Amino acid sequence: MRKILGTMIVFGLTLSASAQYTIKGNVINLHLKQPIEAVNISLVKNKVVVANGTTGSNGQFEIKLKTGGAFDVIAQHISMQNKTMHVIVKEPITNVEITMEQNAYFLEPLELKSLRAGAKAPFTKTNLNKQYIENQNLGRDLPFILDQTPSVVVNSDAGNGVGYTGLRIRGSDGSRINVTMNGIPYNDPESQGSYFVDLPDITSSLNSIQIQRGVGTSSNGAGAFGASLNLSTNEFNPTAYGELNNSYGSFNTWKNTVKAGSGILGNHFTIDARLSRITSDGYVDRASTYLGSFYLSTAYVNDKSSLRFNIISGKEKTYQAWNGVSEGLLKTNRTYNSAGNEKPGLPYDNETDNYQQDHYQLFFNHAFNTKLSFNTAVFLTRGKGYYEQYKANQKFTKYGLTPPVFGGTPVATTDLVRQLWLDNYYYGQIFSLQYKTNKDQLTFGGGWNRYDGKHYGKVIWANVGIPKDYRYYIFDALKTDVNFYAKWQRTLNKNLEAFGDLQYRSVRHRMDGFRNNPSVRVDRTFNFINPKAGLTYTKNAWQAYISYAVGNKEPNRDDFEASTIQQPIHESLHNIELGVEKRRQQYSYGANFYYMNYHNQLVLTGKVNDVGAYTRENIPESYRLGIELQGMASITPALNITGNLALSRNKIKRFTEYIDDYDTGKQLEVNHKKSDISFSPSIVGGATLNILPFTNTTISLTSKYVGRQYLDNTQDKNRSLNPYYVQDASLNYVLKNKLFKEWRIIGQVNNVFNKMYAPNGYTFSYVSNGAQTSENFYYPMAGTNFMLGVNIKL
C-alpha cells in the first residue's frame, strides 16, 4: 500500500511539473494602486472551472495548465467588485494584470481579521472554506468535520459522531483549545471546554473555519494551550437563495435543515435564516439524541459600515452515555450502557442531559478611510439546563436531611431521581482598531466578559422522605475576564515580514462552594502577559516562518475544588513553531516543527481532594515535540490526493502517581520519569484520495491512523487505547438546473472495513487484598455505518 501511494504521489508531481502553460498575474486595487491579498482566481473554459488560485500578500498568483486556449479569468474578493477578463493562452507564460474596484458595500468581517492568522502570519494554521465544510456535513458533530486536519483526534460518546463529541489537537483536549464564534469567546468559562452539542448543526451556518495549532495569535476568551478554533457565520449573500438539506443513515439518524436568505433588500439590508433538526438512536445502547436549532442573522451595510445582529439557538436532549464500556464487556457487548441501570428492572428511561443555549450577537464595523477601520461587538449567551439521574440507596444525610422514622425505625436511604442544574448568563464585548499601510498592519483590540452562573440540584422524586422538587444545594459562581492586545505586522522587504503580538489578560474567579465540597470558597485573580513574535520569508512559491509565543492559563472549576489548603496555580506554555511550505497550483508540500514546553501543567495523578474526588495537580515540567507533514498533488484532472502525518514525542519529565489502597485507607505513591502524556499519540495521520470519474462526480476515499494513546500518564500499555486505522468512502454528485438550481447527492460509508476501535476512555487503579487492579473503560465507535444526503438549492 505504501509503495502504491508513493508511486502515485511521484507520478502526480511528475505530471504537474510537465504542465506546458503558466498564467502569472497581479491583482491591484484600481484607486489605491495597491496589491490585493486573498483574491480567489478562477479559470473558466466553456462555462466549466478548470483551475483555481489565490493571490498572496503581494497580489500575485500563478496557475499552471496542461493546455492553452481561450479562458475567462474571474477574480473575486469579499471587499471588491468581481472582475472578469478574457485571456488567450498560447505562449508558455502568459502575464495578466487585473484591476479591481472597491465594493459598494462594506463586507469584510473585521472581527475575524483581528483574530485570525493572515496568510503570512508566522503561525501554524489550517483554513477550511465553505465548500469543504458543506461536502462533509451530513449531520455528524463539528469535530468530525475537522478529522482530516493535522494532529486531530476525534471521539463520540454515542459512537456515531452525533450528540456529545470531542476532539484533541496535538493531544490537547477541548479545555485547552480556544474557540471563538465570529470572534466572540465560546468556551465554557468554568470548565473551559467547548460543548458543540449545544450548537446543533452550526456547521450548516459556517462559511469558514481556521485552526491554529499551538499558542497562535492573541484571541478572546480562554487561553489557547494547544490550539485555537475560529468559526465564522457572518457571510454576506448578495442574491436571494433557499436550500433544503436532508440526510438519513445508520442508527435511525436524521438531519433536516432549511436555509434561506433575502439577498440585498432596499440596497442595504440582508436576512439569513436556518432551521435544523438532528435525531439519532446512537450506536451505544439508549444513546439517543434529539437536537434542534435555529439561526437568524440580519445586517445593514453601506460603503463604509456594517451592522449585524445574530441569534443562534440550540436545544439538546441526549441519553447519557458518559460511563463508557468496561474492558471486560468491550469484546462481548461493546454497546452496553450502564447509565440508568441503578433503577430496578428496566433502565431508567429519562437518564438524560437537557440543555438550551441561546447566543445574541451584535456587530458594528466601520472603515474611517482606506487605512483605518474599527469593529466592536456585544454579546449575551444564555444557558440553562440539567442532567437527570436515577440514584439508588441514597443517604438522607447526603442531601442535608435527617433520616425519617417509620414505625419507630429510622430509614437511612432511599431511591430517588435528581436533577443537577446549571443556569447561567455569559455576556461581554469585543473590539479592535486596525491601521494598514503598504508596509505596516497594526491592530489594537481586546474585550471583557462576565460569567454569572448558578449550580443547584433538586430531587424530583423519591421513594420516601423527600418532597418533590426539594432543592438540596445551590452555589453561585462568577468569573470576569478582561484582555487587551496589540499586533504589529511589518514588511521588511519584498520577501521578509515581521510579526509582534503582546496581550495582557486578567481573570478573576469567585465560587461560593461546590456540590461535594460546600465549605470551599474561592476568590482568585490571575494576571497574564502573553508575548508572541515571529518572521515569515516568502520567495517564489516557497514560504518559511519561525515564531515564539507564550501562553498562560488559569485552572478550571474542578481544579479549585481540590482543597482549602492546596489550591492550584496557573499553567504556562512556551511554544516555538518553525515551518516551511512550497505551494503550486498542481501540488504543495510542507513541514512544521513545534516545541511546546509546559511549566506547572495540570494533569491527573490519581490524587484525591478533600472529599475523595480525583483532582489535577501542577507538575513542574512537561513538553510536546513534533513534526507535522502535509502534502497535496493533482495527479490528473480526474485524480488528486491530500495527506498529513504528525510525529511527536509528548513527555512528563517526572511526577508522582497516587493509587488508592483500600487495605490501609491511604494512597500509595509511585514515582515516574519521562512518561508519555495521556491521550497524546506519537503518530497521527490522514489521507484523502479524490477520484472524479465523470463531470460533477467525486468519489473520496479517506483514511485515518491514530497511534497508541495512554489513558493516564504512567505509560502503562495495560492502561491504553490500541492504535487504529479506519477508512471511509463517499460519493458526491451534483446535478444542476434540473427542476431546481442544484441537486447535491452525498453518500458516505464510515468505517468501511468494520474496525472495532475506541478513540477515548479512562482508567483508575486501586489496591485491594494486597493486589493492584486497574479498571479501564472505553468509548467504542460504531462499525460499518452509512449516511445518505440530498441537498437542494432552490
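Everything that follows concerns the structure shown earlier in this document.
This text gives an overview of the structure that appears in the document.

What counts as what
Residues numbered from 1 in each chain as written. Predicted model: local features only at pLDDT ≥ 70, side-chain atom pairs only at ≥ 80, totals over all residues. Heavy atoms only, no water. Patch = residues over 30% accessible without salt bridge, like charges linked within 9 Å, V, L, I, M, F, W, Y side chains within 5 Å. Areas by Shrake-Rupley, 256 points an atom, 1.4 Å probe, with all protein chains shown as cover. Salt bridge = Lys/Arg side-chain N within 4 Å of Asp/Glu carboxyl O. Helix = DSSP H or I, 4+ residues; strand = E, 2+ residues; numbered from the N terminus. Buried < 20%, exposed > 50% of the residue type's maximum accessible area, 1.4 Å probe, protein only. Contact = heavy atoms within 4.5 Å. Pairing = 2+ DSSP bridges. Axes fitted to C-alpha atoms, helices over the stretch in contact; angles between N-to-C directions. Phe/Tyr/Trp six-rings, centres within 6.5 Å; stacked < 30°, edge-to-face > 60°. Core = buried A, V, L, I, M, F, W, Y, C linked by side-chain atoms within 4.5 Å.

1. Looking at a nonpolar patch on the surface
Move 1: There is a patch of nonpolar side chains on the surface, built from Tyr248, Trp254, Tyr733, Ile745, Val749, Val752, Phe753, Phe786, Leu788 and Val790 and spanning about 820 Å² of accessible area.
Move 2: For the nonpolar patch, the element with the most residues is strand β44 (residues 785-793), which contributes three residues.
Move 3: Relative to the elements of secondary structure, Val790 occurs in strand β44.
Move 4: Classification of Val790 by relative accessible area gives partly exposed; the value is 32%.

2. What to know about the side chain of Thr203
Move 1: In this structure, Thr203 sits in the loop between β12 (184-185) and β13 (208-213).
Move 2: Thr203 gets classed as buried once you look at its relative accessible area, which sits at 4%.
Move 3: The contact partners of Thr203, leaving out residues within four places of it in the chain, are Ile133, Asn137, Leu142 and Ile145.

3. Re the sheet that holds strand β6 (residues 80-89)
Move 1: Here four strands make up an open sheet; going across it, the order is β3-β2-β5-β6 and the pairing antiparallel. In this open sheet, the two edge strands, each paired with only one partner strand, are β3 (48-54) and β6. Strand-to-strand twist across the sheet, computed as the mean angle between neighbouring axes with direction ignored, equals 20°.
Move 2: Note that strand β2 (residues 40-45) and β3 share six bridges and pair antiparallel. What sits directly across from Ser42, in β3, is Asn52.

4. Notes on the pairing of β2
Move 1: As paired strands, β2 and strand β5 (residues 69-77) are joined by five bridges and run antiparallel to one another. Residue pairing across strands places Asn40 opposite Gln76, the latter belonging to β5.

5. Focus: the sheet that holds strand β4 (residues 60-65)
Move 1: Across the sheet, three strands lie side by side as β4-β1-β7; this open sheet has mixed pairing. Edge strands, defined here as strands with exactly one partner in the open sheet, are β4 and β7 (93-100). Taken pair by pair, the neighbouring strands of this sheet meet at an average axis angle of 20°, ignoring direction.
Move 2: Sheet topology note: the strand β1 (residues 21-29)/β7 ladder contains eight bridges and is parallel. Looking across to β7, one finds that Thr22 is bridged to Ile93.

6. Quick notes on the packing of aromatic side chains
Move 1: Applying the stated criterion across every chain yields a total of 34 aromatic pairs.
Move 2: Taking 5.8 Å as the distance between ring centres and 5° as the angle between the ring planes, the aromatic pair formed by Trp421 and Tyr456 counts as stacked. With Trp421 in strand β25 (residues 413-436) and Tyr456 in strand β26 (residues 440-462), this residue pair connects regions lying 35 residues apart in the sequence.
Move 3: Trp421 gets classed as buried once you look at its relative accessible area, which sits at 14%.
Move 4: Where Tyr472 meets Tyr473, the ring centres are 5.0 Å apart and the plane angle is 75°; that geometry is what we call edge-to-face.

7. Some remarks on the nonpolar core
Move 1: In this structure, Leu142, Leu167, Ile209 and Leu229 are the most contacted members of the largest nonpolar core, which totals 33 residues.
Move 2: Going through the elements one at a time, α4 (142-145), β9 (152-156), β10 (165-169), β11 (177-181), β13, β14 (227-232) and β40 (724-738) are the ones with two or more residues in this core.
Move 3: Setting aside chain neighbours within four positions, we find Ile209 in contact with Arg116, Thr126, Asn127, Leu128, Ile133, Leu142, Leu146, Leu229, Asn230 and Leu231.
Move 4: Membership of the second largest hydrophobic core comes to 20 residues, among which are Val27, Ile36, Val73 and Val89.

These figures capture arrangement, not role.
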